[in-house]
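Close look at the chain arrangement
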Amino acid sequence: MPAVPSEDYIRTKTTCLFNVRPYLWQIKVVQAIFKRDGDIISIAGTGMGKTLMFWMPLLFRPASSMQIIVMSLNILSKQNVELLRKAGMRGIFIGRDTAT
C-alpha cells in the first residue's frame, strides 16, 4: 500500500503538474484514498474542483497504474482526456461511438 502523501507534497506536486493550487478539501480526499480505511463521500458544487480531485491520486501512483472514472457527460469525459494529455498522462474516452 502506498504511503499517505503529506498535504504539502500533494499541494506542490498538483500545482506543478496541473498548474492549479488544490483546496484543502481536495488534499484531504486524496489522503483518505491512500489511507484505505473506508468508503469516501465528497460533495462539492459545480465548479468546485471535483474533476481535479479525480486525477490527483495518479500523481502518487506508479506510471503503470490505471484509474477508472465514470462520468455522466460525454463532453466532460472528452475534456478530461485532454486535461490529462496536457499534463503528460494518458487517458481514453469510451462512449457509444468508440465502445466497439
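Model, not experiment: these values are computed from the prediction.

1. Looking at the overall build of the protein chain
From N to C terminus, the protein chain includes 4 helices and 0 strands. For the protein chain, the α and β elements follow one another from N to C terminus as α-α-α-α. In terms of overall dimensions, the protein chain is globule-like: its C-alpha atoms have a radius of gyration of 14 Å, near the 13 Å expected for 100 residues. The dimensions of the protein chain, computed from C-alpha atoms along their principal axes, are 40 × 30 × 25 Å. Scored against the burial criterion, the 100 residues of the protein chain give a buried share of 27%.

2. Observations regarding helix H2 (residues 24-35)
Taking 1.5 Å as the rise per residue, H2 with 12 residues should run 16 Å; its terminal C-alpha atoms sit 16 Å apart, in good agreement. Gln 26, Ile 27, Val 29, Val 30, Gln 31 and Phe 34 are the residues of H2 that are buried. Packing partners of the buried residues in H2 comprise helix H1 (7-18) and helix H3 (50-55). Immediately downstream of H2, the backbone of Arg 36 shows phi near 55°, a positive value.

3. What to know about the nonpolar core
With 14 residues, the main nonpolar core has Ile 10, Phe 18, Val 30, Met 56, Phe 60 and Met 89 as its most contacted residues. Leaving out residues up to four positions away in the same chain, Val 30 has contacts with Ile 10, Met 56, Pro 57 and Phe 60.

4. Some details on the side chain of Arg 11
Here Arg 11 shows up in helix H1. Take Arg 11: its relative accessible area is 16%, and that puts it in the buried class. Aside from chain neighbours lying at most four places away, what touches Arg 11 is Arg 21, Pro 22, Leu 24 and Ile 27.

5. Quick word on the pattern of salt bridges
With the rule as written, the count across this model stands at 3 salt bridges. Glu 7 is the salt-bridge partner of Lys 28, the closest N and O atoms lying 2.6 Å from each other. With Lys 28 in helix H2 and Glu 7 in helix H1, this residue pair connects regions lying 21 residues apart in the sequence. Given the relative accessible area of 40%, Lys 28 is considered partly exposed. For Glu 7, a relative accessible area of 28% gives the class partly exposed.

Conventions and cut-offs
- Position labels on residues start from 1 in each chain and follow its written sequence.
- It should be noted that, the model being predicted, local features are given only for residues of pLDDT at least 70 and side-chain atom pairs only at 80 or more, the latter also being counted only at that level, while totals for whole chains, interfaces and linings use all residues.
- Side-chain measures here rest on the full set of heavy atoms in the structure, leaving out hydrogens and waters.
- Numbering of helices and strands runs from the N terminus; a helix is a DSSP stretch of H or I covering at least four residues, while a strand is a stretch of E covering at least two.
- Our radius of gyration is a C-alpha quantity, and the globule rule it is checked against amounts to 2.2 Å times the number of residues to the power 0.38.
- Exposure is judged per residue with a 1.4 Å probe applied to protein chains only, and the accessible area is read against the type maximum: over 50% gives exposed, under 20% gives buried, and values in between give partly exposed.
- Expected span of a helix, by definition, is 1.5 Å for each gap between consecutive residues, and there is one gap fewer than residues.
- Between two residues, a contact is recorded if the distance between any of their heavy atoms is within 4.5 Å.
- Here, the term nonpolar core denotes a set of buried Ala, Val, Leu, Ile, Met, Phe, Trp, Tyr and Cys residues that are joined through side-chain atoms within 4.5 Å.
- Only one rule defines a salt bridge in this text: a Lys or Arg side-chain nitrogen within 4 Å of an Asp or Glu carboxyl oxygen.

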